[in-house]
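Remarks on the overall topology
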Amino acid sequence: MFIDPVLSHVGLNEKMAKEKGLEYQVVSTPAAGIPRARIVEQTEGLLKALVDPKTKEILGCTLFCAVSSEVINVVRVIIEAKLPYTFLRDTIFTHPTKSESLNDLFSKVDKLVFIDSPIHSFKMKYT
């Protein structure tokens with residue numbers, strides 16, 4: 001079955017990570033935030049990733065946006081190579097492309113807010 005926008009996935013999703021008892025961080029960003037998506041007027045969708053907070057490796061990624069079937073391959077290579085998410089965060093992609101959305105998505109890992117106090121001990125995450 002084919003859908004538009006395209007739904008692409010690699011690795012674990014949140015349900016699978018929970019079932020395995022893994023600790024993870026979730027980041028997401030709307031497709032409308034991608035410059036190329038706005039240029040070609042394909043702004044529907046969402047990009048989402050799970051990152052291991054200790055190893056910094058990407059556990060899984062779901063892309064629901066135009067051309068995601070191309071972009072997901074980049075994420076797959078990083079997962080298989082066991083490289084940290086920072087590789088995608090810091091890579092310089094050509095502009096404007098859908099690939100540069102990976103910079104935006106994985107830069108959100110660094111912006112997660114952690115609260116650790118005697119009263120509160122929890123992790124806030126972008127969703």
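Anything mentioned here points back to the structure above.
Let me sum up the structure you'll find in this document. Starting from 1, residues in each chain are numbered consecutively following that chain's sequence as written. Given that the model is predicted, a residue must reach a pLDDT of at least 70 before its local features are reported, and side-chain atom pairs must reach 80 or more before they are shown or counted; all residues, however, enter totals for whole chains, interfaces and linings. As a convention, hydrogens and water are excluded, and side-chain values are obtained from all of the structure's heavy atoms.

Strands pair, by our definition, only if DSSP identifies at least two bridges between them. Helix and strand definitions follow DSSP, with helices as H or I runs of at least four residues and strands as E runs of at least two, each counted in order from the N terminus. As paired strands, strand β2 (residues 25-30) and strand β3 (residues 46-51) are joined by six bridges and run antiparallel to one another. Bridge assignment links threonine 29 to a residue of β3, and that residue is leucine 47. The hairpin formed by β3 and strand β4 (residues 58-64) contains six residues between the paired strands, and lysine 56 there has a positive phi angle of roughly 70°.

Here we take up the nonpolar core. We call a set of buried Ala, Val, Leu, Ile, Met, Phe, Trp, Tyr and Cys residues a nonpolar core when their side-chain atoms join them within 4.5 Å. Accessibility here uses a 1.4 Å probe with only protein chains present; expressed as a share of the type maximum, an area under 20% marks a residue as buried, one over 50% as exposed, and anything in between as partly exposed. The biggest cluster of nonpolar side chains holds 25 residues, and the ones touching the most others in it are Ile58, Cys61, Val75, Leu88 and Phe106. Mapped by element, the contributors of at least two residues to this core are β3, β4, α3 (68-81) and α5 (101-107). Of all the elements, α3 adds the most residues to this core, at five residues. Whether two residues touch is decided by their heavy atoms; if any such pair falls within 4.5 Å, the residues are in contact. Ignoring any residue separated from it by four or fewer positions in sequence, one finds leucine 88 in contact with Ile58, Val74, Val75, Ile78, Phe93, Leu102, Asn103 and Phe106. In this structure, Tyr24, Val26, Leu50 and Leu59 belong to the second largest nonpolar core, which totals six residues.

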